[in-house]
Amino acid sequence: MGKAKRKSDQRSAVSGQTSGGRAVLSIIGDSPLVEEYAELCGSKGYDVVVVRDSKGKFPPTREQKSKAFRETGAIPPETSLALELTNTDLPAKRKNIEQLGKALSPATAILSSSITVTATRQSSWMDKKHRLVGFGALPGFLDRALVEVAPTVFSPPETIEVVRTFFHSLGKEIEIVQDRVGMVLPRILCQIINESIFALQDDVASPADIDTAMKMGVNYPLGPIEWADRIGFKNVYAVLSALEDDLREDRYRVAPLLKQMAEGGDWWKQSGTTS
Amino acid sequence: MFKHLGVVGAGTMGAGITHAAALTNTDVMLYDINDTILRRALERIKTDLRTGVKKGKITQEQMTEAVTHIHPRTSLSDLHSCDFVVEAAIEDLRVKKDLFKHLETSVKTSTILATNTSSLSVTAIASVLHRPERVVGMHFFNPAHIMKLVEIIAGRNTSRETVQKAFDLSKFLGKVPVVAKDTPGFIVNRVARPFYGEALRLLGENVATHEQIDRIVKSIGGFPMGPFELMDLIGIDINFSVTQSMFDQYFGEPRYRPHPIQKQMVDSNLLGRKTGRGFYEYSDEKAG
């Protein structure tokens, strides 16, 4: 397929001018990110299809009753643009990308969260690599006017334009960064959180005092521990371990306490208030 | 509870602390070695008070009253009446140790001695005293008359009562105290390290430009300033030396390792706003 053809196919797909009405947007990946994106895209006029794992991996949630999107067990072949939003479970992510690669036409762009694994690596999991572009998706940032986008060496300008057009339609600008693990904000923010948990582990101060100190001393919009709670400790841990694996420096080792907070649920929230 | 407060050192921090205390109608004995420094500090406080009046934060009466509570002094023995002394001299362990030795002989045995250090060990400063249990760290943030946070640092030998009194004084001054153990960087300077360190690494690894990183951190992260704008404001030399000091105090912990970009910028006198150029250019400000 020639470049010109691909360009016109993708542009028309995202702007929703295909025959038969609204552009179909398929979303697959981690909860609650999937629901956050499905709600937003549904409200912007896309025909949103959330693709659930056939094993019922994602249990029914309240958001499922939302009218903003519908759910299926299989990827609709008429999809105009696909979003893959897995950060924590990389084998599952790989399976999703493989399935998207097989189910969708080579003209359909696949936008995949590339915080814990690079877009370049993800594109090696499928044929027609030019379709995949990475971006930064973490829970809690969907109301922001900017999004980090990481094209791969295989992404032609046409695919990047599709991505730009898509994010514009959501009211966002894109910032194109190099395709590296952690991207920009997740790397800085999760390392701040990691340091705050090291401080907590070293008994430097209480969680509440650490949050207060950072908000009042250096005007952080949220305390690091509050922030981790909002993003989810599982996600923070996934970002930090990906950085640790990728950069192989002691600087990126994950605080043992943070690992426990990610693996053990929210036991730490109750400690000190109950019993 | 705090009728007389002593402030030792009339630099930026000492003036700010004096300003905050005078507004609570506490009598402040502001000590420094010579009159010139004291006069300059008093002028600075008056200017800041006038700004407060202009901005509607305080009334003209509050300002006039506050000034009457500031008592410049050049002899440490004048601090004898103080129940609480906050030292805000330069960040030099030898200078501070020396000051505390003199302070101990100048004040009552019940007087609490606080040090406004941001980077030195409270335990080390207290070590020269006969009664180290009454020494505590009180890390105010600049400008001290505006910023609410005070980090209260309990040294190895600081008593519970001393920590409580520092906590009470902070509240009395309208501040928000948090308590931290005496470890390098305490809370803020430690937890903030990756904000600069990771940004510098991202720049060094060419993941994005400094303008992009600042935009992303502000726009997506919601931070009021990006790391490079902030380093330019703080001074790249100051930021570098804080990082270097943390790295040394933790015996080479890689999380606090400075970045060669910082060293190179210091070497080329690109120190930020104060020299007219750092990561950004500041053409309208005076060049160094």
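Residues numbered from 1 in each chain as written. Chains lettered and ligands numbered in written order. Predicted model: local features only at pLDDT ≥ 70, side-chain atom pairs only at ≥ 80, totals over all residues. Heavy atoms only, no water.

Structural notes on the interface of chain A and chain B
One frequent convention defines the size of an interface as the accessible area lost when the parts assemble.
Moving on, step 1. Counting from both sides, the interface comprises 45 residues of chain A and, opposite them, 43 residues of chain B.
Moving on, step 2. Counting each side, the surface lost to burial between chain A and chain B is near 4,100 Å², with a carbon and sulfur contribution of 63%.
Moving on, step 3. Area buried by chain A at its contact with chain B is led by Glu195(A), Val204(A) and Arg251(A), which between them contribute 18% of it.
Moving on, step 4. The interface formed by chain A and chain B holds 8 salt bridges in total.
Moving on, step 5. For Asp202(A), the salt bridge identified is with Arg190(B), shortest N-O distance 2.9 Å.
Moving on, step 6. Scanning the region where chain A abuts chain B turns up 21 residue pairs in polar contact (both at pLDDT 80 or more).
Moving on, step 7. When residues of the side of chain A that touches chain B are assigned to their parent elements, the largest contribution, 10 residues, is made by helix H6 (residues 185-201) of chain A.
Moving on, step 8. Of the residues in the side of chain A that touches chain B, the class split is 26 nonpolar, 6 polar and 13 charged. (Contact = heavy atoms within 4.5 Å. Buried area = accessible area lost by both parts, 1.4 Å probe. Salt bridge = Lys/Arg side-chain N within 4 Å of Asp/Glu carboxyl O. Polar contact = N/O pair within 3.5 Å; in protein donor to acceptor, adjacent residues only side chain to side chain. Helix = DSSP H or I, 4+ residues; strand = E, 2+ residues; numbered from the N terminus. Nonpolar A, V, L, I, M, F, W, Y, C, P; charged D, E, K, R; others polar.)

With respect to the sheet that holds strand E6 (residues 135-140) of chain B
All names here are of chain B.
Moving on, step 1. Taken in spatial order, the 8 strands line up as E3-E2-E1-E4-E5-E6-E7-E8 in an open sheet, and their pairing is mixed. Looking at the sheet topology across the chains shown, the edges are occupied by strand E3 (70-73) and strand E8 (176-181). For this sheet, the mean inter-axis angle between neighbouring strands, taken without regard to orientation, is 25°.
Moving on, step 2. Of the pairings in the sheet, the one linking strand E1 (residues 4-8) to strand E4 (residues 84-87) comprises 4 bridges and is parallel in character. Paired with Val8 across the strands is Glu87, a residue of E4. (Pairing = 2+ DSSP bridges. Axes fitted to C-alpha atoms, helices over the stretch in contact; angles between N-to-C directions.)

Some thoughts on the side chain of Asp47(A)
Residues and elements named next belong to chain A.
Moving on, step 1. On the secondary structure map, Asp47 appears in strand E2 (residues 47-51).
Moving on, step 2. Among the polar contacts listed, one links the side chain of Asp47 to the side chain of Arg70, at a separation of 3.0 Å.
Moving on, step 3. Ignoring anything within four residues of it in the chain, the contact list for Asp47 reads Arg22, Ala23, Val24, Leu25 and Arg70.

Here we look at the domain arrangement of chain A
Residue and element names in this part refer to chain A.
Moving on, step 1. Each assigned domain of chain A is listed with its residue range as follows: domain 1 (3-176) and domain 2 (185-274).
Moving on, step 2. Every contact between the two is made by 10 residues of domain 1 and, on the other side, 11 residues of domain 2.
Moving on, step 3. Here domain 1 and domain 2 share an interface that buries about 920 Å² over both sides, 72% of which is from carbon and sulfur atoms.
Moving on, step 4. Connecting domain 1 to domain 2 are 0 salt bridges.
Moving on, step 5. The tally of links from domain 1 across to domain 2 stands at 1 residue pair in polar contact (both at pLDDT 80 or more).
Moving on, step 6. Residue classes in the side of domain 1 that touches domain 2 are distributed as 4 nonpolar, 3 polar and 3 charged. (Domains from an automatic or database assignment.)

Quick notes on the nonpolar core
Moving on, step 1. Counting 92 residues, the largest nonpolar core has Ile197(A), Leu79(B) and Ile187(B) as its most contacted members.
Moving on, step 2. If you tally residues by element for this core, the top one is H6(A), at 10 residues.
Moving on, step 3. With residues up to four places along the chain from it excluded, the contact list for Leu79(B) reads Gly6(B), Val8(B), Met29(B), Tyr31(B), Val85(B), Leu103(B) and Val107(B).
Moving on, step 4. Judged by nonpolar contacts, the second largest core, of 35 residues, contains Phe84(B), Ala88(B), Ala114(B) and Met138(B). (Core = buried A, V, L, I, M, F, W, Y, C linked by side-chain atoms within 4.5 Å. Buried < 20%, exposed > 50% of the residue type's maximum accessible area, 1.4 Å probe, protein only.)

Here we look at the domain arrangement of chain B
Moving on, step 1. Entries for chain B in the domain assignment read domain 1 (4-181) and domain 2 (194-275).
Moving on, step 2. Using C-alpha coordinates to define each centre, domain 1 of chain B is positioned 30 Å away from domain 2 of chain B.

Regarding the confidence of the model for chain A
Residues and elements named next belong to chain A.
Moving on, step 1. Put simply, chain A has an average pLDDT of 88, and 84% of its residues get 70 or more.
Moving on, step 2. Taken as a whole, residues 1-13 scores under 50 in pLDDT and shows 22 contacts with residues more than four places along the chain or in a different chain.
Moving on, step 3. Taken as a whole, residues 15-19 scores under 50 in pLDDT and shows 5 contacts with residues more than four places along the chain or in a different chain. (pLDDT = per-residue confidence, 0-100.)

As for the packing of helix H8 (residues 193-204) of chain B against helix H9 (residues 210-219) of chain B
Residue and element names in this part refer to chain B.
Moving on, step 1. The contact between H8 and H9 brings their axes to 10 Å, and the two run at 135°. As far as their axial angle goes, H9 and H8 are oblique. When you trace H8 past H9, the crossing you get is right-handed. Seen from H8, the contacting residues are Phe195, Ala199, Leu202 and Leu203; seen from H9, they are His210, Ile213 and Val217. (Parallel < 35°, antiparallel > 145°, perpendicular 65-115°, else oblique. Left-handed = near helix turned anticlockwise from the far one by under 90°.)

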